[in-house]
Amino acid sequence: MPNGFSAREVAELANVPVRAVDKAIEEKVLAGIRASTRGRRRMLPLHAVPYAAIVARLPVTLTLAAKRDLARTLGEREPDRMTDPLEIAPAVMVDVSALVGRDLAERAARYGRAREDHIVIDPEIMGGTPALRGTRMTVYSVLGRLDGGDSIDDILEDNPHLTREAVETAALYARTHPIVGRPGGRPWAKAA
C-alpha cells in the first residue's frame, strides 16, 4: 500500500483541479484522516482520490457533513471495493463505478507503488532531485523530453533498462511536484 499522495497527485489522478482537493483539506474533510508525512508535506490517503473524483462529478452539491460521511465511508472500504455503490443520503445511492470509473482507486494504488519502486530521492544522487532508481535521470528530464516531443518509446529506446511504468511514473511525479523557485537562465530573452 502506498504511503500517501500529495494534493497535486490526488488532483492529477482524480482529474480534478488542485483547488478542489485543497478545499477538502481546508474544510477538514480529508485532513487528519490517516494522513502521514513524507518530508514536510502532509500526505493524503488512497481514498482521497475517489473522494475528489466523486465530489467533482456529482450533479448535486453535498453538505459538509455529507462530504465528511462520504470520505469516512470510502476510508473504511478496502481499495478494491471503493467503486461499489454507496448511499450518500437517505434513499440516495451513487453508482461510483459509473461516475468515476471502476479502476480509479486501483490506478492510484498502482501509481503509489510504482512511485515507491522507481523514484528515489537521495542527497547523494543528483543532489536530492527525484530521479529514476538505478540511473542519474531526473524525473524532470523525463518530463522535459516528453514535453519536447519525444515519446515514451523514444525514451525507452535510449534507455532499454527502463520500463514503460517507470517512465510514466516519473512523468506524473514531475507534473505533480514542480520545481519550486525562480526560473534559471534569462527568461526575458525568450520574450524579446
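Shown above is the structure to which this text applies.
Model, not experiment: these values are computed from the prediction.

**Comments concerning helix H4 (residues 64-76)**
Now for step 1: Its 13 residues place the ends of H4 18 Å apart at the C-alpha level, agreeing with the 18 Å of an ideal helix rising 1.5 Å per residue.
Now for step 2: The set of residues buried in H4 consists of Ala66, Lys67, Leu70, Ala71, Leu74 and Gly75.
Now for step 3: Buried-residue contacts for H4 involve helix H2 (18-26), helix H3 (48-57) and strand E3 (86-89).

**A closer look at the packing of helix H1 (residues 7-14) against H3**
Now for step 1: In contact at an axis separation of 9 Å, H1 and H3 are set at 55 degrees when each is read in the N-to-C sense. On the basis of the axis angle, H1 is oblique to H3. Two packed elements cross with a definite hand, and for H1 against H3 that hand is right-handed. Facing Val10, Leu13 and Ala14 of H1, the residues of H3 in contact are Ala48, Val49, Ala52, Ala53 and Arg57.
Now for step 2: Taken together, the residues of the contact of H1 with H3 break down into seven nonpolar, no polar and one charged.

**A closer look at the pairing of E3**
Now for step 1: Bridging between E3 and strand E4 (residues 92-94) involves three bridges; their strand directions are antiparallel. Looking across to E4, one finds that Leu86 is bridged to Val94.
Now for step 2: What sits between the antiparallel neighbours E3 and E4 is a turn of two residues, in which Ala91 has the positive phi angle 70 degrees.

**A closer look at the packing of H1 against helix H6 (residues 104-118)**
Now for step 1: The interhelical angle for the contact between H1 and H6, taken along N-to-C directions, is 135 degrees, at an axis separation of 10 Å. One finds that H1 runs oblique with respect to H6. As for how H1 packs across H6, the hand of that crossing is right-handed. Mapping the contact onto sequence places Glu9, Leu13 and Ala14 in H1 and Leu104, Arg107, Ala108, Tyr111 and Arg115 in H6.

**Here we look at the environment of Ser141**
Now for step 1: With respect to the element layout, Ser141 can be found in helix H7 (residues 139-147).
Now for step 2: Separated by 30 residues in the primary sequence, Ser141 and Ala171 have C-alpha atoms spaced 8.9 Å apart.

**Looking at the pattern of salt bridges**
Now for step 1: With the rule as written, the count across this model stands at 12 salt bridges.
Now for step 2: For the salt bridge of Lys67 with Glu27, the shortest nitrogen-to-oxygen distance reads 3.6 Å. Residue Lys67 is located in helix H4, and its partner Glu27 is located in the loop between H2 and strand E1 (36-38); the two are separated by 40 residues in the primary sequence.
Now for step 3: Given the relative accessible area of 12%, Lys67 is considered buried.
Now for step 4: Judged by relative accessible area, which is 23%, Glu27 ranks as partly exposed.

Thresholds applied
Residues numbered from 1 in each chain as written. Predicted model: local features only at pLDDT ≥ 70, side-chain atom pairs only at ≥ 80, totals over all residues. Heavy atoms only, no water. Helix = DSSP H or I, 4+ residues; strand = E, 2+ residues; numbered from the N terminus. Expected span 1.5 Å × (residues − 1). Buried < 20%, exposed > 50% of the residue type's maximum accessible area, 1.4 Å probe, protein only. Contact = heavy atoms within 4.5 Å. Axes fitted to C-alpha atoms, helices over the stretch in contact; angles between N-to-C directions. Parallel < 35°, antiparallel > 145°, perpendicular 65-115°, else oblique. Left-handed = near helix turned anticlockwise from the far one by under 90°. Nonpolar A, V, L, I, M, F, W, Y, C, P; charged D, E, K, R; others polar. Pairing = 2+ DSSP bridges. Salt bridge = Lys/Arg side-chain N within 4 Å of Asp/Glu carboxyl O.

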